[in-house]
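The residues making up each chain are set out below.
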Amino acid sequence: MRPQVLLVTLLLLLMSQSAIVDAKKDGRFNSASSGCGCHSGAAGSVSPVLTGLPSAYDASTTYALSIGMSTTPASGGFNLQVSKGSLSNPSSAAQVSSNGVQATHDTWTSTSWTVDWTSPSSGSGSVQFNLAVLSGNGLQNTGGDDYATTSISLSEAVSANNAPTVSSLTLQPANPTTEDALLATYTFSDSDGDGEAGTSFAWHLNNSLMPSHTTATLPSSATAKHQSWTVEVTPSDGIDAGTAVMSSPLIIANSLPLVTNVQLSDTAPDSSTELSFQYLSDDADGDPIDMHVQWKLNGQVVPELDNSTTLPAIATRSNDVWSVEVRGHDGEGFGAWTPSPNVTIASGNTPPVVSQVSLVAPSPTNTTSDIQVQWDEVDGDGDAIVDNEIIWTVNGQIIEAANGMNPLPSTMTAKGEVWKASVRASDGIGWSTWQESDSITIANVAPVIISLQLNSSSMTAMHDLVMNLEHDDADGDTVSITSIRWFNQGQEYSTFTEASLPMSALSKGDEWTVQVIVSDGELEASSTSEKATILNAVPSVVLQWPESSTSLSELAPELLASDADGDAVELWTNWYKNGFRDAGLENSTLVPIDKLAPGQTWTMHVSVWDGEAFSEGVEHTLVIANLPPSAAFSVLSTNVWFGEEVVLSAESSTDPDGKDLTYTWSWTTGSASGHTLTLVPKGVVDLTLTVSDEFGATNSTTQTLQPTVGPQVQSLMVLHDGNGRVDLSWSWNGDEAAFNILRGGQMIATVNDTSFTDNPPMSGLNEYTIQPVDQDRIYLNAMDTISLSIEPPAVETPEASATGGFGLGILLLLGSIVLLQRNLSRGGER
């Protein structure tokens, strides 16, 4: 039996089963599978109807369901139950259970109902729908009633899977050696949101597949230097595999050799010990290693011992600190230097002894006093003392900058400091112990006035008289001025107590001094300056040019003279034009117009005399400004016509301060120069005139020429009488004009009428052009041309003479024979 038939049979059996369950007028839940057995008087007469379900549901989607039965009874009822999802929005004769998984009728008079079903979330699988319907007789009893059930299983719609993709595939690290494992890193993407599952990896060595390596990591043991590795990644989401992606090649770099465990042969050598060393070396690539050695003394490389396998004893001294460094070279590169531990060369020397350390300085000792340190020293072995070290301390702190100094300069001391010195000695092999001196305390020093002067920029009444004081305090104490007293010719002026005298207090011939007292808070110092005599104040003058100077107005600068002493002053002036002095303008305060021109450079030099001294000369220079020209042009021709010459003039252009103008005309298709322009417009022309003066200033103006259609030669006709005479006639729709007659492009006549008679000297094609001419122009576009072919009279052609031709042939034959004979007779000459 086919599976479909079996399924239908089972469904029919299920629908036919019944149980005894009481129905209710206002609905009944939990009866969707069993139906209502008390209403079975007409068994088999009804079938459930459920519509609105899809062939397969989409997750979280609402479907509108209709419930009914195969008959149309007078009354009815139903119960629908779903295994997943939820029911809602029942029609007016239906109701939904509180848990949303069942629906039933709420009155017995309806026989069809609606309800919404919302499908479950994605991945919920199949949903079971159980439906029971009741067909009633409308009399509210069971006579003739029937019921039936059905069950439907609805599958979830499964969308087609999209294969994942791989991007940003790289190999890490970027510069590997044979000690590094290679890791494939990439970005996995799946448009369905599926997780990564089953992604495969194919490693390729020099473009050949290495099937034994199938993970994202290639172990370092699989690589060798200079190999080229790539990996091909095929992404998978556990359902489908995506497109394979190949990485860029990655070259395995050379591994530099490694040196470890460098050890010297003796960890406590003395100056008689020869040192050697041992080490461990390795090269991850298995390359042969060339070893390099360097020895270090007190941290500095000794080049003479490079690549020496031993340190000879003769090269060592007591207290030397030695180490050795080793590195390897594998033919491609050097490894890092690996050092040994340091060793110090020992000796059996008895160091010297220092005693009686003392400080020697004036009393009291202050910041002007150097401090000398003295001591006794002796070496028990009789060795010479070859070096000493001195440490200076202040208030118990070592002063590094002072170490080794003897004496200690006063510039390093400060008031109140307590200084000590410690000394040790060396015999070149060992050092004595440190020995310390007694202390010295630095006392206060009074301030000192180094310099006191009275200064002024001019030592006149034009500038303040300023006291310049220079003082010092050896202790670095803050020094302040406690008193300032000013005296003029011995008389004190107590109103002045500042460090400067205002120029208003000064007069020519004054003799001023100042007395100053300074203090450091404990001690004072005083001083009186030399006298300062106030001299004659040199007058001054200010020269100001007008804001704009042209050749159209006189050049007259403003001169402002002054004298701080109030003396009467005189002005002295000189003028220079283009660098040359103009003697005619000596002591003049202006330059008249007739001497000025654009572009000139004028310089005025002015000084002032007060009877004792000239002021400093003031000199200013300016260039006479060039005024730009003004461009303008007019149309001289009476009319502006298409294709006819138009004459324009720039004579109306002007230059306010010059005469020589240059004219440049420009339009879209050309340019020209000159003060007039003849132009043949073919259409609207935007014409620009630019004028330039001799100094380069320019100005432009633009006009638009709007040509109109001009008069024309019309109705040109030509007649030939057959005997060489040609008659021309035409009409003219313009003002009065004359007409040039051209034959074959050459003018043959000018007439004032509109007709002309010609007797052309040659037959054949003759071309005539009528060209109008008036007082404005020779017309170009108004011309008209006509052609006429004149046939020449017939002339008989003479025939050739038969006898004449025969005679000519005989003469030619005889001439050829003569020439041939002459050539043969001259053959021996060749």
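Preceding block: the structure.
Just so we're clear, the structure is a prediction, and the values are computed from it rather than from any experiment.

Caption draft 1: Local environment of the overall build of the protein chain. If you tally the helices and strands in the protein chain, you get two helices and 61 strands. Computed over C-alpha atoms, the radius of gyration of the protein chain comes to 64 Å, more than 25% over the 28 Å expected from 2.2 N^0.38 for 830 residues, which places it beyond the range of a compact globule. C-alpha atoms of the protein chain, sized along the principal axes, occupy 150 × 140 × 110 Å. Here the protein chain, with 830 residues, has 36% of them falling under the buried criterion. Intrachain contacts of the protein chain at a sequence separation of at least 6 include 60% that bridge at least 24 residues. Of the accessible surface of the protein chain, which amounts to about 45300 Å², a share of 50% is contributed by carbon and sulfur atoms. Each charge class in the protein chain can be summarised by its mean position, and for the 26 positive and 95 negative side chains these summaries are 11 Å apart.

Caption draft 2: Up close: the sheet that holds strand β58 (residues 746–751). Overall, antiparallel pairing links the four strands, which are arranged β58-β57-β60-β61 in an open sheet. In this open sheet, the two strands that pair with only one neighbour each are β58 and β61 (784–790). Averaged over neighbouring strand pairs, the angle between their axes works out to 25° when direction is ignored.

Caption draft 3: Structural view of the packing of aromatic side chains. What the rule picks out here adds up to 21 aromatic pairs. The interplanar angle of 75° and the centroid separation of 6.4 Å between the aromatic rings of phenylalanine 496 and tryptophan 512 together place this pair among those described as edge-to-face. In this pair, phenylalanine 496 sits in the loop between β37 (491–492) and β38 (500–501) while tryptophan 512 sits in strand β39 (residues 511–519), placing the two residues 16 residues apart along the sequence. With a centroid separation of 5.9 Å and 25° between ring planes, the pair formed by tryptophan 641 and tyrosine 779 is classed as stacked. Taken as a pair, tryptophan 641 in the loop between β48 (634–635) and β49 (646–649) and tyrosine 779 in the loop between β60 (764–773) and β61 lie far apart in primary sequence, 138 residues in all. Exposure class is identical for tryptophan 641 and tyrosine 779. Each is buried. An aromatic cluster is built from Trp641, Trp730, Trp732, Phe739 and Tyr779, whose rings are joined through pairwise contacts. Above the face of the phenylalanine 334 ring, arginine 327 is positioned so that its terminal group lies 3.9 Å from the ring centre. Positioned above the aromatic ring of tyrosine 779, the side-chain terminus of arginine 777 is 5.8 Å from the ring centre.

Caption draft 4: Structural view of unusual backbone geometry. A cis amide bond links glutamine 172 to the next residue, proline 173, at an omega of 0°. Within the secondary structure layout, proline 173 lies in the loop between β11 (165–172) and β12 (182–189). A cis amide bond links asparagine 406 with the next residue in sequence, proline 407, at an omega value of 10°. Looking at where proline 407 falls in the secondary structure, it is placed in the loop between β30 (397–398) and β31 (418–426). Here asparagine 206, not a glycine, exhibits a phi torsion of approximately 50°, which is positive. Non-glycine residue glutamine 489 carries a positive phi angle of around 50°.

Caption draft 5: Quick peek at the sheet that holds strand β59 (residues 755–758). One open sheet accounts for three strands, arranged β55-β56-β59; its pairing is antiparallel. The strands lining the two open edges of the sheet, one partner per strand, are β55 (713–720) and β59. Averaged over all neighbouring strand pairs, the angle between strand axes comes to 15°, with direction disregarded. In terms of strand pairing, strand β56 (residues 726–732) meets β59 through four bridges, oriented antiparallel. Each bridged residue has a counterpart across the sheet, and for aspartate 727 the counterpart in β59 is threonine 757.

Caption draft 6: Broad picture of the nonpolar core. By size, the foremost hydrophobic cluster in this structure holds 23 residues, and its most contacted members are Leu65, Ile67, Phe78, Leu80, Trp117 and Phe129. Excluding its chain neighbours within four sequence positions, the residues that come into contact with leucine 80 are Ala32, Leu50, Leu65, Ile67, Leu87, Val101, Gln102, Ala103, Val115, Phe129, Asn130 and Leu131. Formed by 21 residues, the second largest nonpolar core is a distinct cluster that contains Leu728, Tyr768, Tyr779 and Ala782.

Caption draft 7: The arrangement of the pattern of salt bridges in detail. Throughout the structure, instances matching the rule amount to 16 salt bridges. A salt bridge links glutamate 436 to lysine 420; the shortest N-O distance between them is 3.7 Å. Of this pair, glutamate 436 sits in strand β32 (residues 435–436) while lysine 420 sits in strand β31, and the two are 16 residues apart along the sequence. Lysine 420 gets classed as partly exposed once you look at its relative accessible area, which sits at 30%. We note a salt bridge from lysine 508 to glutamate 612, for which the minimum N-O separation is 2.9 Å. Placement of the pair is lysine 508 in the loop between β38 and β39 and glutamate 612 in the loop between β46 (601–609) and β47 (618–623), with a sequence separation of 104 residues. Assessed through its relative accessible area of 49%, glutamate 612 is described here as partly exposed.

Caption draft 8: Just the environment of glutamate 524, in detail. Relative to the assigned elements, glutamate 524 resides in strand β40 (residues 524–528). Judged by relative accessible area, glutamate 524 falls into the exposed class, the value being 54%.

Caption draft 9: Main features of the side chain of threonine 688. Residue position: threonine 688 is located in strand β53 (residues 685–693). Polar contacts involving the side chain of threonine 688 include one to the side chain of threonine 702, which spans 2.8 Å. Among residues more than four places away in sequence, those in contact with threonine 688 are Thr664, Trp665, Ser666, Ser700, Thr701 and Thr702.

Caption draft 10: Structural view of the environment of histidine 105. Along the chain, histidine 105 falls in strand β7 (residues 102–105). Residues histidine 105 and phenylalanine 78 lie 27 residues apart in sequence; the distance between their C-alpha atoms is 5.9 Å. When neighbours within four sequence positions are excluded, histidine 105 is seen to be in contact with Lys24, Lys25, Asp26, Gly27, Arg28, Gly76, Gly77, Phe78, Ala93, Ala94, Gln95 and Trp113. Engagement of the side chain of histidine 105 in a polar contact is seen with the backbone nitrogen of glycine 27, the distance being 3.2 Å. At a separation of 3.4 Å, a polar atom in the side chain of histidine 105 contacts the side chain of threonine 104.

Caption draft 11: View of the pairing of strand β9 (residues 127–136). Taken across its 10 residues, β9 has nine buried, putting it largely inside the fold. Of the strand pairs in this sheet, strand β4 (residues 75–82) and β9 are connected by eight bridges, and their pairing is antiparallel. Bridge pairing links asparagine 79 to alanine 132 in β9. In the sheet, β9 pairs with strand β10 (residues 146–156) via nine bridges, with the strands oriented antiparallel. When the sheet's bridge partners are listed, serine 135 is paired in β10 with aspartate 146.

Thresholds applied
- Residues numbered from 1 in each chain as written.
- Predicted model: local features only at pLDDT ≥ 70, side-chain atom pairs only at ≥ 80, totals over all residues.
- Heavy atoms only, no water.
- Helix = DSSP H or I, 4+ residues; strand = E, 2+ residues; numbered from the N terminus.
- Rg over C-alpha atoms; globule rule 2.2 N^0.38 Å.
- Buried < 20%, exposed > 50% of the residue type's maximum accessible area, 1.4 Å probe, protein only.
- Contact = heavy atoms within 4.5 Å.
- Areas by Shrake-Rupley, 256 points an atom, 1.4 Å probe, with all protein chains shown as cover.
- Lys, Arg positive; Asp, Glu negative; His and termini not counted.
- Charge placed at Lys NZ, Arg CZ, Asp CG, Glu CD.
- Pairing = 2+ DSSP bridges.
- Axes fitted to C-alpha atoms, helices over the stretch in contact; angles between N-to-C directions.
- Phe/Tyr/Trp six-rings, centres within 6.5 Å; stacked < 30°, edge-to-face > 60°.
- Lys NZ or Arg CZ within 6 Å of the ring centre and 35° of its normal.
- Core = buried A, V, L, I, M, F, W, Y, C linked by side-chain atoms within 4.5 Å.
- Salt bridge = Lys/Arg side-chain N within 4 Å of Asp/Glu carboxyl O.
- Polar contact = N/O pair within 3.5 Å; in protein donor to acceptor, adjacent residues only side chain to side chain.

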